[in-house]
Amino acid sequence: MARKSSSPLKLHKPTGQANVQLYTLDVFIIGGPVSEKFAKKNPVVSRTIQIRGDQFLQDLHYAIFDAFGRWEEHMYEFQFGKGPMDPKARRYVLPGASKVEADWDNPPIGRVDQTNLESLDLKVGDRFGYWFDFGDDWWHQINVEAIEKKVPRGKFPKVTKKVGKSPPQYAEEDE
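No experiment lies behind these values; they were computed from the predicted model shown. (Residues numbered from 1 in each chain as written. Predicted model: local features only at pLDDT ≥ 70, side-chain atom pairs only at ≥ 80, totals over all residues. Heavy atoms only, no water.)

1. Quick word on the pattern of salt bridges
Turning to step 1, where the next piece is worked out: Evaluated as defined, the whole model comprises 4 salt bridges.
Turning to step 2, where the next piece is worked out: With a closest N to O distance of 2.8 Å, Arg91 and Glu77 form a salt bridge. Taken together, the residues span a long stretch of sequence, with Arg91 in strand S4 (residues 90–93) and Glu77 in strand S3 (residues 76–80) at a distance of 14 residues.
Turning to step 3, where the next piece is worked out: Exposure remark for Arg91: the relative accessible area of 5% places this residue in the buried category.
Turning to step 4, where the next piece is worked out: Here Asp121 makes a salt bridge to Lys123, at a shortest N to O gap of 3.0 Å.
Turning to step 5, where the next piece is worked out: A relative accessible area of 45% means that Lys123 is categorised as partly exposed. (Salt bridge = Lys/Arg side-chain N within 4 Å of Asp/Glu carboxyl O. Helix = DSSP H or I, 4+ residues; strand = E, 2+ residues; numbered from the N terminus. Buried < 20%, exposed > 50% of the residue type's maximum accessible area, 1.4 Å probe, protein only.)

2. Brief notes about unusual backbone geometry
Turning to step 1, where the next piece is worked out: Of note, the amide linkage connecting Phe156 to Pro157 takes the cis form, showing an omega dihedral of 0 degrees.
Turning to step 2, where the next piece is worked out: Of note in the backbone geometry, Asp121 takes a positive phi value of approximately 55 degrees without being a glycine.
Turning to step 3, where the next piece is worked out: Its place among the elements puts Asp121 in the loop between strand S5 (110–111) and strand S6 (127–132).
Turning to step 4, where the next piece is worked out: Classification of Asp121 as exposed rests on a relative accessible area of 54%.
Turning to step 5, where the next piece is worked out: Despite not being glycine, Asp133 shows a phi value in the positive range, around 65 degrees.

Read these as geometric descriptors, not functional statements.
Given below as structure tokens:
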């Protein structure tokens, strides 16, 4: 199912609570179908995203999706363990995916549409994984760079910094 990044899907509305925190996350691409030529020109590809603590992992997914110029939706999950690709990590998945994966060695513990950032007890310096498109395997490492007590006015999540060009979603587009 294709989606235009210029017309974002409906994000969860913030609660407006005074004690909501602002998270600054650096999102790095650490694996995926990137050509050697592209990698040479873009040795580091990252996006810095600010997101409210009362927003959900699903909202973070859409922010990453748009920040890297992706256009076709695929399955994804977030992993919280010793780092990206930790086989024993706590996994948060799409609705319905937990039923399919219930018999796996490491079944998911939550859903991306029901888990907000504040509930994850993140600290500055923590890192976690985001896996997008289980066929092409786009792997990302997300570093928690800052957590602020006050959230300024404005729309969140938002991209505040871009490093490197976004790789094409599919390898054949890079030719």
